[in-house]
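# Notes for the structure review
Now for the letters of each chain:
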Amino acid sequence: MLALGWRYRAGCIRVLAQQTVLVLLSLGGLGLIGLGIDYLRHQVEAGSSAPNWPLGLTPPRDWSPLATTTLVAACIVAVALVQNWLRYRAAVSVADLTQKIVVQLRSDVYDKLQRLSFRFFDQHESGSIINRVTGDVQAVRTFIDGVIIQVVTVLVSLAAYLVYMLSVHVPLSLACLATTPLLWFISVRFARLMRPAYQTNRELADRMVLTLSENVQGVQVVKGFAAQEQEIAKFEAANSRIRQSKHGIFWRISLFQPFSGFLTQLNMLVLLAYGGYLVVQGQLLLGEGLFVFANLMQQFANQVGQLVNVSNSISASLTGAQRVFEVLDAPLEITSRPLAVRLSRAKGAIRFEGLSFAYCPGQEVLSGIDLEILPGECVALVGATGSGKSTLLSLIPRFYDPTSGRLLVDGIDVRELNLEDLRRSIGLVFQENFLFSNTVSANIAFGHPAASQAQVEHAAIAAAADGFVRQMPGGYEAVIGEHGSNLSGGQRQRLAIARALLLEPSILLLDDATTAIDPETEHEILAALERAMRGRTTLLVANRLSTLRRADRIVVLERGRIVQTGTHDELLLRPGPYRRMAELQMHSAVEQPRREAA
C-alpha cells in the first residue's frame with residue numbers, strides 16, 4: 001500500500017505541502033487573535049504585560065488603539081481568506097489524486113484478471129471477484145486519503161502544535177498532554193480488534209453480490225419454479241446479515257469515540273486549573289498564553305480524535321485492500337517463458353506423454369494419458385460425465401498445465417511455446433458458449449477484430465449461421481442480448497463455431513459442439529465442419545453416433561484413463577463401454593418411433 005502511494009508521490013507531496021501550510025496558517029491565525037486580546041487588555045489595564053509582537057513588528061507609538069486593532073483584524077481576515085482558498089485547493093488535489101489511484105488500480109486489477117489462470121477463477125466466486133473490482137478498490141482510495149495523507153497531516157499538525165505549546169510554557173504543555181500516550185495505545189489496539197469485523201463484513205457483502213448475480217442470471221429458473229418469494233427472502237437474509245455486521249462495527253466505534261473524547265477533555269481541565277493559576281500569577285499571558293493554549297489544546301484534541309477515525313479507516317481500508325492485492329499479487333501460473341518458442345502456424349501434431357492432471361492435489365482427473373494425434377486427423381473423445389474429456393481439451397491451449405508428464409504440439413512442449421501464438425493456432429467451441437453484448441459481426445470476429453466483413457460472413461456460412469443471421473433485424477449488425485439471451489441454443493452454438501472457424505486455426509477443439517442443435521441443423525453443421533476440418537487437427541467431445549462416425553479415430557475415457565481407441569466400426573466389434581453406449585443409443589432410436597406411434 002505504501003508502495004502504491006510512492007507511485008503517486010508527486011501528488012502526495014503536493015497535498016501534504018498544502019496541509020502543512022494550512023496548519024501553519026491556522027497557528028498564525030490563533031497567534032494573531034491572542035495578540036489582539038493581549039493588546040486590548042494592555043490598553044484597558046495599565047498594569048498588564050504588553051504583548052510580544054511577532055518578528056519585532058511593534059506598531060508605531062503614534063498609532064491609536066483603533067488603528068492597531070484594525071490592522072490585527074485585517075491580518076486575521078487575510079489569513080482566514082488564504083486559509084479557506086488553500087483548503088479548497090487541497091480538497092481538489094486530494095480528490096484528483098485519489099481518483100487517479102482508483103482508476104489506475106481498477107485497471108490494474110482488471111488487467112491482472114485477464115492474465116490469471118483458470119485455477120484462480122475456480123477458487124473464487126464471481127461475486128467476490130466483482131466486489132473486489134468495484135467496492136474493494138475504493139478501500140485503497142480510503143487508505144491513501146483517510147490513512148496515509150491523514151496520518152501525515154495529523155503528525156505534522158501535532159508536531160507544529162507541540163512546538164508552539166512548548167514555546168509558550170513547557171511544564172503546562174507536558175501536564176496537558178499526559179493522557180496522549182494512553183490514547184495512542186488504545187487507538188492502535190482498537191484498530192487491531194476491528195480488523196476481523198471488517199473482514200467478516202466484506203465476506204458477507206461478497207455473498208450478497210453473488211446471490212444477486214445468480215438471481216439475475218437464473219431469472220428464468222426462478223420464475224419457472226415460482227420461487228420469487230423464496231429468493232426475495234434469501235436476499236433479505238443476506239442483506240440483513242450485512243446490516244447486523246455493520247451494526248456491531250458502529251456499536252464499538254460509538255463506544256470508543258466518547259471514551260477517547262473524555263480523555264482529551266481531561267486535558268482541558270488540567271489547562272483551566274494549571275493555566276489559570278499561571279495567568280493569575282502573571283507567569284502566562286491571557287491571550288498569547290491561555291487563549292492560544294486552549295485553542296491549541298482543542299485543535300490537538302481534534303487531531304488526536306482524527307487518529308481514532310484513522311484507526312477505523314485502517315481497519316476498513318486494509319481489509320478491502322488486502323482482497324484487492326490478493327488479486328494483484330496472485331501468481332501467474334500460465335505464462336510464456338523467457339525466450340519462448342514462437343509459433344507462426346502450427347502443423348497440428350499433438351502428443352500426450354504420460355500425462356496426469358489434478359485440479360486439487362491428490363485427486364487426479366487424468367492419469368497416465370499416452371496419445372498421439374497426427375496433423376489433420378479428427379479424433380473424438382467419448383466417455384461418461386466426469387471422465388476427463390473437457391479437461392483433456394483444456395490442457396491443449398494451456399488453460400492448465402499438467403501435474404506430470406508432457407503435452408507436445410509439433411514436437412514442442414506447450415510450456416516452451418509462446419502462449420499467445422499457441423492459442424492463436426487453436427479454434428475453440430466450448431460446451432457452454434458465451435456471447436458478448438455486441439453485434440453479430442463483433443462476436444464472430446472476437447478473436448480476430450481486424451477481420452473483413454467477407455471473412456466474417458464466410459465463417460458464418462461454414463457454421464450454418466448465415467441463414468438465421470440474415471433474417472435478424474439488422475443482419476450482421478444486429479445486437480445480441482446479454483449472454484445471447486435473444487438467440488436459441490442452436491443459434492448461439494453456430495455463432496460460437498463461426499467464431500472459432502474465423503481464426504483459420506490449425507487445431508480445432510469442439511467440446512460437445514452439437515449438443516444444443518436439432519438433427520437437421522446438426523447435419524448442416526457437420527457437413528460444414530467436414531469442409532472446415534480438412535487440413536486441420538480436430539479433437540471433438542461428442543456422444544452422438546452421427547458425429548462419432550465422422551471421426552478418424554475414437555478415444556474412450558473412463559475415470560481419467562484411456563480404455564479404448566479405434567474407429568467407430570472397430571469399437572462396435574469389441575465388448576466395452578463404447579459398444580454399450582452405441583447399443584443404448586440405437587435401442588433408443590428404435591424405441592422412440594414405437595412410442596410415438598403408440
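Every value quoted in this text rests on a predicted model; they were computed, and no experiment measured them.

A few words on the overall build of the chain. Across its full length, the chain holds 20 helices and 10 strands. When burial is assessed residue by residue, the chain has 47% of its 598 residues classed as buried. For the chain, the share of sequence-separated contacts (at least 6 apart) that also reach a separation of at least 24 residues comes to 76%.

Let us look at the side chain of Ser506. Here Ser506 lies in the loop between helix H16 (489-502) and strand E7 (507-511). Owing to a relative accessible area of 2%, Ser506 belongs among the buried residues under this scheme. A polar contact is formed between the side chain of Ser506 and the backbone oxygen of Ala346, at a distance of 2.7 Å. Dropping the residues within four chain positions of it, Ser506 is found in contact with Arg345, Ala346, Ser425, Arg536 and Thr537.

What follows deals with a nonpolar patch on the surface. A contiguous nonpolar patch, built from Leu162, Leu166, Val170 and Leu174 and spanning about 320 Å² of accessible area, is present on the exposed surface. Secondary-structure elements contributing two or more residues to the nonpolar patch are helix H5 (126-168) and helix H6 (170-176). A relative accessible area of 31% places Leu166 in the partly exposed class.

Let us look at the nonpolar core. In terms of nonpolar packing, the biggest core is built from 43 residues, with Val440, Ile444, Leu495, Leu548, Ile554 and Tyr578 touching the most fellow members. Here the element with the most residues in this core is H16; it accounts for seven residues. With residues near it in sequence (within four places) discarded, Leu495 still touches Leu435, Val440, Ile444, Ala465, Phe468, Val469, Ile480 and Leu487.

Here we come to helix H14 (residues 453-462). Those residues of H14 that sit buried are Val456, Ala459, Ala460 and Ala462. Projected down its long axis, H14 shows its buried positions confined to an angular sector of 160°, all on one face. Pointing more than 90 degrees away from the buried face of H14 are the exposed residues Ala454 and His458. Ala464 occupies a position one or two residues after H14 and carries a positive phi of about 60°.

This paragraph deals with H16. Look at H16: 20 Å from first C-alpha to last across 14 residues, which is about the 20 Å you get at 1.5 Å a residue. Along H16, the positions that sit buried rather than exposed are Gly490, Gln491, Gln493, Arg494, Leu495, Ala496, Ile497, Ala498, Arg499, Ala500, Leu501 and Leu502. Just downstream of H16, Glu504 is the residue with a positive phi angle, here 50°.

Here we take up the sheet that holds strand E6 (residues 426-429). One open sheet accounts for six strands, arranged E6-E7-E8-E3-E9-E10; its pairing is mixed. With partners counted over all chains shown, the strands left at the sheet margins are E6 and strand E10 (561-566), one partner each. The sheet shows a mean angle of 15° between the axes of neighbouring strands, taken without regard to direction. Those strands touched by H16 are E6 and E7, and its axis lies near 175° from that of E6.

Close approach of charged atoms allows side chains with opposite charge to pair. The tally for this structure, following the rule as stated, stands at 16 salt bridges. Residue Arg115 pairs with Asp111 through a salt bridge whose shortest N-O separation is 3.0 Å. Separated by four residues within a single helix, Arg115 and Asp111 lie in helix H3 (residues 65-115), roughly one turn from each other. A residue is classified by how much of its surface remains accessible, and Arg115, at 40% relative accessible area, is partly exposed. Of the charged contacts, one joins Arg351 and Glu353 as a salt bridge, the two residues approaching to 2.7 Å between their closest N and O atoms. What makes Glu353 partly exposed here is its relative accessible area of 26%.

Moving on, we come to unusual backbone geometry. Even without being glycine, Ala464 reaches a positive phi, approximately 60°. Residue position: Ala464 is located in the loop between H14 and helix H15 (466-471). Exposure remark for Ala464: the relative accessible area of 17% places this residue in the buried category. Positive phi outside glycine occurs at Glu504, with the angle close to 50°. Relative to the helices and strands, Glu504 is located in the loop between H16 and E7.

In contact at an axis separation of 8 Å, H14 and H16 are set at 125° when each is read in the N-to-C sense. On the basis of their axis angle, the class for H14 and H16 is oblique. The hand of the H14/H16 crossing is right-handed. Where H14 approaches H16, its residues Gln455, Val456, Ala459, Ala460 and Ala462 are matched on the opposing element by Ala498, Leu501 and Leu502.

Rules used in this analysis
Residues numbered from 1 in each chain as written. Predicted model: local features only at pLDDT ≥ 70, side-chain atom pairs only at ≥ 80, totals over all residues. Heavy atoms only, no water. Helix = DSSP H or I, 4+ residues; strand = E, 2+ residues; numbered from the N terminus. Buried < 20%, exposed > 50% of the residue type's maximum accessible area, 1.4 Å probe, protein only. Contact = heavy atoms within 4.5 Å. Polar contact = N/O pair within 3.5 Å; in protein donor to acceptor, adjacent residues only side chain to side chain. Patch = residues over 30% accessible without salt bridge, like charges linked within 9 Å, V, L, I, M, F, W, Y side chains within 5 Å. Areas by Shrake-Rupley, 256 points an atom, 1.4 Å probe, with all protein chains shown as cover. Salt bridge = Lys/Arg side-chain N within 4 Å of Asp/Glu carboxyl O. Core = buried A, V, L, I, M, F, W, Y, C linked by side-chain atoms within 4.5 Å. Arc of directions from axis to C-beta. Expected span 1.5 Å × (residues − 1). Pairing = 2+ DSSP bridges. Axes fitted to C-alpha atoms, helices over the stretch in contact; angles between N-to-C directions. Parallel < 35°, antiparallel > 145°, perpendicular 65-115°, else oblique. Left-handed = near helix turned anticlockwise from the far one by under 90°.

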